[in-house]
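# Breakdown of the fold
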Amino acid sequence: MPSINPYLTFAGTCEEAFNFYKSVFGGDFPYVGRFKDMPSENPVPETEGNKIMHISLPISKETTLMGSDSSDAFGHATVMGNNFSISINADNEDEAKRLFDGLSEGGKVTMPLNKTFWGALFGMFTDKFGVNWMVNYDYEQKH
(Lines give C-alpha, C1' and ligand atoms only; values in the text may rest on other atoms or scores of the structure.)
Protein backbone atom coordinates (compact mmCIF):
# COMPACT_ATOMS: atom_id res chain seq x y z
CA MET A 1 0.00 0.00 0.00
CA PRO A 2 1.45 3.40 -0.94
CA SER A 3 2.04 6.05 1.71
CA ILE A 4 0.85 9.62 1.24
CA ASN A 5 2.62 12.64 2.72
CA PRO A 6 2.27 16.43 2.51
CA TYR A 7 4.93 18.23 0.44
CA LEU A 8 5.31 21.98 1.07
CA THR A 9 6.99 24.47 -1.27
CA PHE A 10 8.51 27.74 -0.03
CA ALA A 11 9.88 30.92 -1.59
CA GLY A 12 13.29 30.69 0.11
CA THR A 13 12.17 30.01 3.69
CA CYS A 14 12.05 26.20 3.62
CA GLU A 15 14.99 25.71 5.99
CA GLU A 16 13.60 28.23 8.49
CA ALA A 17 10.14 26.64 8.32
CA PHE A 18 11.45 23.10 8.76
CA ASN A 19 13.63 24.11 11.72
CA PHE A 20 10.45 25.55 13.24
CA TYR A 21 8.48 22.34 12.53
CA LYS A 22 11.34 20.31 14.02
CA SER A 23 11.20 22.43 17.19
CA VAL A 24 7.52 21.51 17.53
CA PHE A 25 7.46 17.86 16.37
CA GLY A 26 11.00 16.87 17.41
CA GLY A 27 13.02 14.32 15.45
CA ASP A 28 15.80 14.72 12.92
CA PHE A 29 16.08 15.41 9.21
CA PRO A 30 17.15 12.15 7.49
CA TYR A 31 18.05 14.16 4.37
CA VAL A 32 18.73 17.81 3.56
CA GLY A 33 19.63 18.47 -0.09
CA ARG A 34 20.59 21.87 -1.44
CA PHE A 35 20.36 23.03 -5.04
CA LYS A 36 24.14 23.62 -5.20
CA ASP A 37 24.66 19.87 -4.59
CA MET A 38 22.38 18.79 -7.43
CA PRO A 39 24.01 17.56 -10.63
CA SER A 40 22.82 19.75 -13.49
CA GLU A 41 23.74 20.81 -16.99
CA ASN A 42 22.49 24.27 -16.03
CA PRO A 43 24.48 25.82 -13.17
CA VAL A 44 22.33 27.03 -10.29
CA PRO A 45 22.62 30.80 -9.73
CA GLU A 46 24.85 31.54 -6.72
CA THR A 47 21.95 33.30 -4.97
CA GLU A 48 19.90 30.08 -5.13
CA GLY A 49 22.55 27.46 -4.27
CA ASN A 50 21.91 27.23 -0.51
CA LYS A 51 18.16 26.95 -0.92
CA ILE A 52 16.59 23.59 -0.09
CA MET A 53 16.09 21.15 -2.99
CA HIS A 54 14.53 18.55 -0.64
CA ILE A 55 14.13 18.07 3.09
CA SER A 56 12.09 15.61 5.11
CA LEU A 57 11.00 15.38 8.75
CA PRO A 58 9.38 12.17 9.99
CA ILE A 59 6.35 13.08 12.08
CA SER A 60 5.24 9.54 12.90
CA LYS A 61 5.83 6.01 11.65
CA GLU A 62 3.31 6.64 8.85
CA THR A 63 3.82 10.33 8.05
CA THR A 64 6.72 12.45 6.84
CA LEU A 65 6.54 16.19 6.26
CA MET A 66 8.57 17.06 3.14
CA GLY A 67 9.47 20.30 1.44
CA SER A 68 11.66 22.40 -0.82
CA ASP A 69 12.27 25.95 -2.01
CA SER A 70 11.31 27.15 -5.44
CA SER A 71 11.75 30.34 -7.41
CA ASP A 72 11.69 31.75 -10.92
CA ALA A 73 15.32 30.58 -11.25
CA PHE A 74 14.08 26.97 -10.96
CA GLY A 75 11.37 27.39 -13.57
CA HIS A 76 8.43 28.27 -11.37
CA ALA A 77 7.84 30.65 -8.50
CA THR A 78 6.06 29.60 -5.33
CA VAL A 79 2.45 30.77 -5.16
CA MET A 80 1.28 30.98 -1.56
CA GLY A 81 -1.99 29.09 -1.14
CA ASN A 82 -1.00 26.67 -3.91
CA ASN A 83 2.37 25.75 -2.42
CA PHE A 84 1.71 22.16 -1.44
CA SER A 85 1.46 18.77 -3.12
CA ILE A 86 0.43 15.30 -2.12
CA SER A 87 3.43 13.00 -2.31
CA ILE A 88 2.81 9.29 -2.91
CA ASN A 89 5.56 6.81 -2.08
CA ALA A 90 4.82 3.64 -4.02
CA ASP A 91 5.88 0.11 -3.02
CA ASN A 92 7.16 -0.81 -6.50
CA GLU A 93 7.71 0.53 -10.03
CA ASP A 94 4.48 -0.91 -11.43
CA GLU A 95 2.44 0.71 -8.68
CA ALA A 96 4.23 4.05 -9.22
CA LYS A 97 3.49 3.92 -12.96
CA ARG A 98 -0.15 2.90 -12.41
CA LEU A 99 -0.75 5.70 -9.89
CA PHE A 100 1.08 8.30 -11.99
CA ASP A 101 -0.73 7.38 -15.20
CA GLY A 102 -4.12 7.09 -13.53
CA LEU A 103 -4.03 10.25 -11.46
CA SER A 104 -2.45 12.41 -14.18
CA GLU A 105 -5.02 11.42 -16.82
CA GLY A 106 -6.65 14.61 -18.06
CA GLY A 107 -4.23 16.74 -16.04
CA LYS A 108 -0.90 18.42 -16.76
CA VAL A 109 2.38 16.54 -16.28
CA THR A 110 5.07 18.94 -15.04
CA MET A 111 7.82 16.33 -14.65
CA PRO A 112 7.44 12.96 -16.41
CA LEU A 113 7.94 9.81 -14.33
CA ASN A 114 11.65 8.97 -14.75
CA LYS A 115 14.65 7.65 -12.86
CA THR A 116 16.44 10.37 -10.89
CA PHE A 117 19.94 11.05 -9.60
CA TRP A 118 18.74 10.36 -6.04
CA GLY A 119 17.89 6.74 -6.84
CA ALA A 120 14.16 6.94 -7.35
CA LEU A 121 11.50 6.78 -10.01
CA PHE A 122 9.83 10.20 -9.66
CA GLY A 123 7.34 12.44 -11.44
CA MET A 124 5.03 15.40 -10.81
CA PHE A 125 1.72 16.58 -12.22
CA THR A 126 -1.40 18.59 -11.55
CA ASP A 127 -4.51 16.48 -11.87
CA LYS A 128 -7.62 17.52 -13.80
CA PHE A 129 -9.04 18.99 -10.57
CA GLY A 130 -6.03 21.29 -9.96
CA VAL A 131 -4.41 19.19 -7.20
CA ASN A 132 -0.60 18.91 -7.31
CA TRP A 133 0.84 15.40 -6.94
CA MET A 134 4.28 13.79 -6.74
CA VAL A 135 4.81 10.05 -7.26
CA ASN A 136 8.00 8.44 -5.98
CA TYR A 137 9.40 4.93 -5.79
CA ASP A 138 12.77 4.54 -4.01
CA TYR A 139 14.86 1.79 -5.56
CA GLU A 140 16.68 1.25 -2.26
CA GLN A 141 13.86 0.54 0.14
CA LYS A 142 14.47 1.48 3.78
CA HIS A 143 12.61 -0.82 6.16
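Residues numbered from 1 in each chain as written. Predicted model: local features only at pLDDT ≥ 70, side-chain atom pairs only at ≥ 80, totals over all residues. Heavy atoms only, no water.

Now for the side chain of Asn5. Tracing the chain through its elements places Asn5 in strand E1 (residues 3-10). Taking relative accessible area as the criterion, Asn5 reaches 4% and is therefore assigned buried. If near-sequence neighbours (up to four positions away) are discounted, Asn5 is found in contact with Glu62, Thr63, Thr64, Met66, Ser85, Ile86, Ser87 and Asn89. (Helix = DSSP H or I, 4+ residues; strand = E, 2+ residues; numbered from the N terminus. Buried < 20%, exposed > 50% of the residue type's maximum accessible area, 1.4 Å probe, protein only. Contact = heavy atoms within 4.5 Å.)

All right, on to the pattern of salt bridges then. Under the criterion given, the structure shown has four salt bridges. One salt bridge connects Lys22 with Asp28, and the closest N-O pair in it is separated by 3.8 Å. Across the pair Lys51 and Glu48 runs a salt bridge, and its minimum N-O distance is 3.0 Å. You'll find Lys51 and Glu48 in the same group, each marked buried. (Salt bridge = Lys/Arg side-chain N within 4 Å of Asp/Glu carboxyl O.)

On average, residues of the protein chain carry a pLDDT of 87, and 90% of them reach 70 or more. Predicted confidence in the protein chain is weakest over strand E5 (residues 84-89), with a mean pLDDT of 89, and strongest over strand E6 (residues 108-115), with 95. (pLDDT = per-residue confidence, 0-100.)

With 12 residues, helix H2 (residues 93-104) extends 16 Å between its outermost C-alpha atoms, agreeing within 8% with the 16 Å of an ideal straight helix rising 1.5 Å per residue. Within H2, burial applies to Glu95, Ala96, Leu99, Phe100 and Ser104. Each buried residue of H2 sits inside an arc of 135° when the element is viewed along its axis, so together they form one side. For H2, the exposed residues lying more than 90 degrees away from the buried face are Asp94, Arg98 and Asp101. Looking at the buried residues of H2, the elements they touch are E5, E6, strand E7 (120-126) and strand E8 (132-138). The N-cap residue of H2 is Asn92: its side-chain oxygen and the backbone nitrogen of Asp94 are 3.2 Å apart. Once H2 finishes, Gly106 follows within two positions and takes phi at roughly 85°, a positive value. (Expected span 1.5 Å × (residues − 1). Arc of directions from axis to C-beta. Polar contact = N/O pair within 3.5 Å; in protein donor to acceptor, adjacent residues only side chain to side chain.)

So, on to the packing of aromatic side chains. Tallied over the full model, the rule gives eight aromatic pairs. Ring plane angle 85° and centroid distance 6.3 Å describe the contact between Phe10 and Phe18, whose orientation is recorded as edge-to-face. Just as Phe10 is buried, Phe18 falls in that class too. Ring centres of Phe18 and Phe29 lie 6.5 Å apart, and the angle between their planes is 55°; on these two criteria the pair is classed as tilted. With Phe18 in helix H1 (residues 14-25) and Phe29 in the loop between H1 and strand E2 (31-34), this residue pair connects regions lying 11 residues apart in the sequence. Its relative accessible area of 0% is what places Phe18 among the buried residues. Through a chain of ring-to-ring contacts, the aromatic side chains of Phe10, Phe18, Phe20, Tyr21 and Phe29 assemble into a single cluster. (Phe/Tyr/Trp six-rings, centres within 6.5 Å; stacked < 30°, edge-to-face > 60°.)

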